[in-house]
Amino acid sequence: MKPPHNSWEVAPLLPNRMETPTPYCTPSPSVSVRLGDAQQSVLPEEVSHKTEQALRDGKLLPVISLAREAAKPVSAKPLIIAVTGDSGNGMSSFINALRGVGHEEQASAPTGVVRTTQTPAGYSTPRFPDVELWDLPGLGVTSQSMESYVEEMRFSQYDFFIIIASEQFSTNHSKLAQTIQRMGKKFYVVWTKLDRDLSTSVLPEARLLQTIRENIQENLQKEGVQEAPIFLVCNFAPSSHDFPKLRDTLKKELPALRLSGPLEALVQLCEKVIGEEEAVLQERTKHEHFEDALGIRNADDLEEVLEAYRLRFGVDNESLHHVAQCLKKSIFEYQGVMKYPDLHTACSRNWKLKSMTCLLMRGLLGLSWYVPGMGAPVVAFFRRLQYRCILRLVVQDTKTIVRKILNDSIFPA
């Protein structure tokens, strides 16, 4: 631990995160929500339980207050950012540059030609008062595999990641990005040592910058990683190239980044529950008089079936009207994200449903009645296929609407 600093100096936080994994707060009781291949506990148990119950009851209105409740404690905490990458990529130098601290200053992160970061170390800065920057040891320093590195560095504790690269965007970088994406978290890619590239490349500067960006994007796409913000910087010139843009972007996105954890956890929870309810309803379509349980009067009226399913999941017009009122939005904002708002649109956009409702199919079903013993079973079987298809479409729309409701609840305009 370094000695105390004057009030104007930037002091490093706890130097060893491995020994103190939660230095600022003790997590409240929470439920573990599956996010890809990683477990992240960000939702209080009560919020999780009530959200699940509301969805099973087909009531989306309570989800609004529950989402806000989940976001409230997170919004008061600092955003914990992990800076990671291959060893020797200039991660510590980047942290110093982002903090506006010289490499020779007492508060700086140790840098050097040899590996200087052996354990995670945290730093603060007045430039980002609600942020903790954690300098992680580079890949290969402590671990032999990506899995062991992620486990040793305790990736689940960080809210956001900055992947540092230089000279080449390696498989390690792509795997890091893939792992972070599977955790439902966001990241930036920062290419450092740009001054060295510019001084040694024979390409014009504009062409070189484009080549670096394209190479990074291609490698990310190979691992199925969604496009991420890319910044090309020089650690020793923090006022040039993309460094000012990086600082401005980070400041602008801080509120969203801080709350992205509970948002994604809620989305994953809601989609899981909606999927389970779909499975239950799909199974029930095998039973006779299934339509009676949904209040369907005319079993052959597919428009009525569509509305019954929408009512079951709480995405009917009346329910959406109440949701829109609570969020001070127009109902058209929620109706507008629906891909299948009515039967006509559903038939035109889904080839399976279209084929099951065409005149030819209706004619064939009509002919089945002239075959002794075939009419009723054939019609009942075909009707179940139609119901299952419509249910699948309503579930897709429900997930889209729920995601928007959660987003609007946590990030009000």
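Here, the structure is the one placed above.
Being a predicted model, the structure only gives us computed values, none of them experimental.

Draft legend 1. A look at the environment of Ala346. Tracing the sequence through the fold places Ala346 in helix 13 (residues 343–349). Residue classification places Ala346 among the buried residues on the basis of a relative accessible area of 1%. Taking the C-alpha atoms as reference points, Ala346 and Leu306, separated by 40 residues in sequence, lie 9.5 Å from one another. If we skip the residues at most four places from it in the chain, Ala346 touches Tyr340, Leu353 and Leu393.

Draft legend 2. Examining the environment of Tyr334 more closely. You can see Tyr334 is positioned in helix 12 (residues 331–335). A relative accessible area of 0% places Tyr334 in the buried class. Distance from Tyr334 to Val402, taken between C-alpha atoms, is 9.3 Å for residues 68 residues apart in sequence. Other than its neighbours up to four places away in sequence, Tyr334 contacts Leu320, Ala324, Leu327, Lys329, Ile401, Lys404, Ile405 and Asp408. Of the polar contacts made by the side chain of Tyr334, one reaches the side chain of Asp408; its length is 2.8 Å.

Draft legend 3. Just the sheet that holds strand 7 (residues 186–191), in detail. The six strands lie next to each other as 4-5-3-6-7-8, forming an open sheet whose pairing is mixed. The open sheet terminates on both sides in strands that have one partner only, identified here as strand 4 (121–123) and strand 8 (230–232). Across the sheet, the axes of successive neighbouring strands diverge by a mean angle of 25 degrees, strand direction being ignored. Pairing geometry for strand 3 (residues 79–85) and strand 5 (residues 131–135), over five bridges, is parallel.

The rules behind each value
- Residues numbered from 1 in each chain as written.
- Predicted model: local features only at pLDDT ≥ 70, side-chain atom pairs only at ≥ 80, totals over all residues.
- Heavy atoms only, no water.
- Helix = DSSP H or I, 4+ residues; strand = E, 2+ residues; numbered from the N terminus.
- Buried < 20%, exposed > 50% of the residue type's maximum accessible area, 1.4 Å probe, protein only.
- Contact = heavy atoms within 4.5 Å.
- Polar contact = N/O pair within 3.5 Å; in protein donor to acceptor, adjacent residues only side chain to side chain.
- Pairing = 2+ DSSP bridges.
- Axes fitted to C-alpha atoms, helices over the stretch in contact; angles between N-to-C directions.

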